[in-house]
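Coordinate inspection notes
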Amino acid sequence: MRIAIDIDSTLHHYWDVLSASAQRRFGIDLPYEEQYDWGITRLRPEQLHACVEETHRAAAIEAAEPYPEAVETVGAWHAAGHFIHITSHRVDTAHTATERWLERIGLAYDELYCSFDKVSRCEEIGIDLLIDDGPLNIARALERGIISATIAHPWNRDVCEEEDVICAADWPALRERLAPLLARGEAG
Ligand SMILES: [Mg+2]
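None of these values were measured; they are calculated from a predicted model. (Residues numbered from 1 in each chain as written. Predicted model: local features only at pLDDT ≥ 70, side-chain atom pairs only at ≥ 80, totals over all residues.)

Attention now goes to the domain arrangement of the protein. Its domain assignment divides the protein into domain 1 (2-12 + 67-184) and domain 2 (14-62). Computed from C-alpha atoms alone, the centre-to-centre distance between domain 1 and domain 2 is 21 Å. Facing the 15 residues of domain 1 at the interface are 13 residues of domain 2. Of all the elements, helix H5 (residues 95-105) adds the most residues to the side of domain 1 that touches domain 2, at 5 residues. For the side of domain 1 that touches domain 2, the class distribution of residues is 7 nonpolar, 4 polar and 4 charged. (Domains from an automatic or database assignment. Contact = placed C-beta atoms within 7 Å. Helix = DSSP H or I, 4+ residues; strand = E, 2+ residues; numbered from the N terminus. Nonpolar A, V, L, I, M, F, W, Y, C, P; charged D, E, K, R; others polar.)

Put into structure tokens, the structure is as follows:
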């Protein structure tokens, strides 16, 4: 299969990083449990932009720690012959730092793509399965016939309940839930 995997809140717990930035810069708390929608209402758009920009600087990108079993799971899929496309909603200048991070954590992948329109790229390169926590990306993928899966977060709870999304609490559960699909799908 051809698998696309998001980074923030999919491969690592981005929320803590973003929340720490909001606290430091603006003194605003963003409790994880209360983030029911990705709109992040406690920050004004320009404040959110500043926090995201800060968390996507090289040092912050490279300091991220992956979720338990994420690297091992993706590595096993890659070793089984599945194509791994890493996709992140990041500016192109974050590409090199992201590449260094992927190398540091030892994630096996075929290509990395930083852009603001992940799903179009997925469609272009024939992705079969997108793993992404963002409700909008999940909806867009489903619209285009791409199978959708995610790590469960407060902001994708509704989508997980209402849409045909493979949702799991963590990477070991996700690996288990995706196993039948990956076994059926051809490698590559
Ligand atoms: Mg994400």
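Once the structure has been displayed, the description carries forward.
Across soluble globular proteins, you tend to see nonpolar side chains buried next to one another. Ranked by internal contacts, the top residues of the largest apolar core, which has 33 residues, are Ile 3, Ile 5, Cys 122, Leu 129 and Leu 130. Non-local contacts of Leu 130, meaning those with residues more than four positions away in its chain, are made with Ala 4, Cys 122, Asn 137, Ala 141, Ile 146 and Ser 148. Tyr 14, Val 17, Leu 30 and Leu 43 belong to the second largest nonpolar core, which has 7 residues in total. (Core = buried A, V, L, I, M, F, W, Y, C linked by C-beta atoms within 7 Å. Buried ≥ 20, exposed ≤ 12 C-beta atoms within 10 Å, placed from the backbone.)

Three or four residues apart is the spacing at which side chains of an α-helix point the same way, because the helix has 3.6 residues per turn. Taking 1.5 Å per residue, 14 residues should reach 20 Å; helix H9 (residues 171-184) reaches 20 Å between its end C-alpha atoms and fits that length. By the largest-angle criterion, Leu 178 marks the main kink of H9, which is about 45°, and a proline, Pro 180, follows within four residues. Buried residues of H9: Trp 171, Leu 174 and Leu 178, and no others. Structurally, H9 contributes buried residues whose contacts are with helix H4 (70-79), strand S5 (147-151) and strand S6 (165-168). (Expected span 1.5 Å × (residues − 1). Bend = angle between axes of the 7 residues up to and from the residue.)

So, about the environment of Tyr 67. Turning to its location among the elements, Tyr 67 is positioned in the loop between helix H3 (58-63) and H4. The contact partners of Tyr 67, leaving out residues within four places of it in the chain, are Leu 11, His 12, His 13, Asp 170 and Trp 171.

As a further point, take the sheet that holds strand S4 (residues 129-131). In spatial order, the strands read S3-S2-S1-S4-S5-S6; together these 6 strands make up an open sheet with parallel pairing. A strand with exactly one partner marks an edge of an open sheet, and here the two such strands are strand S3 (111-114) and S6. Strand-to-strand twist in this sheet, taken as the mean axis angle between neighbours without regard to direction, amounts to 20°. Relative to S5, S4 runs parallel, the two sharing 3 bridges. Looking at S5, one finds that Leu 130 is bridged to Ser 148. Strands strand S2 (83-88) and S3 of the sheet are contacted by H5, whose axis makes an angle of about 145° with S3. Strands S5 and S6 of the sheet are contacted by H9, whose axis makes an angle of about 145° with S6. (Pairing = 2+ DSSP bridges. Axes fitted to C-alpha atoms, helices over the stretch in contact; angles between N-to-C directions.)

Next up on the list: helix H1 (residues 14-26). Compared with an ideal rise of 1.5 Å per residue, which puts 13 residues at 18 Å, H1 spans 18 Å between its outermost C-alpha atoms and is within 8% of the ideal. Burial in H1 covers these residues: Tyr 14, Val 17, Leu 18, Ser 21 and Ala 22. Looking straight down H1, one finds its buried side chains confined to an arc of 135°; they lie on one side. Contacts from the buried residues of H1 go to helix H2 (45-55) and H3. (Arc of directions from axis to C-beta.)

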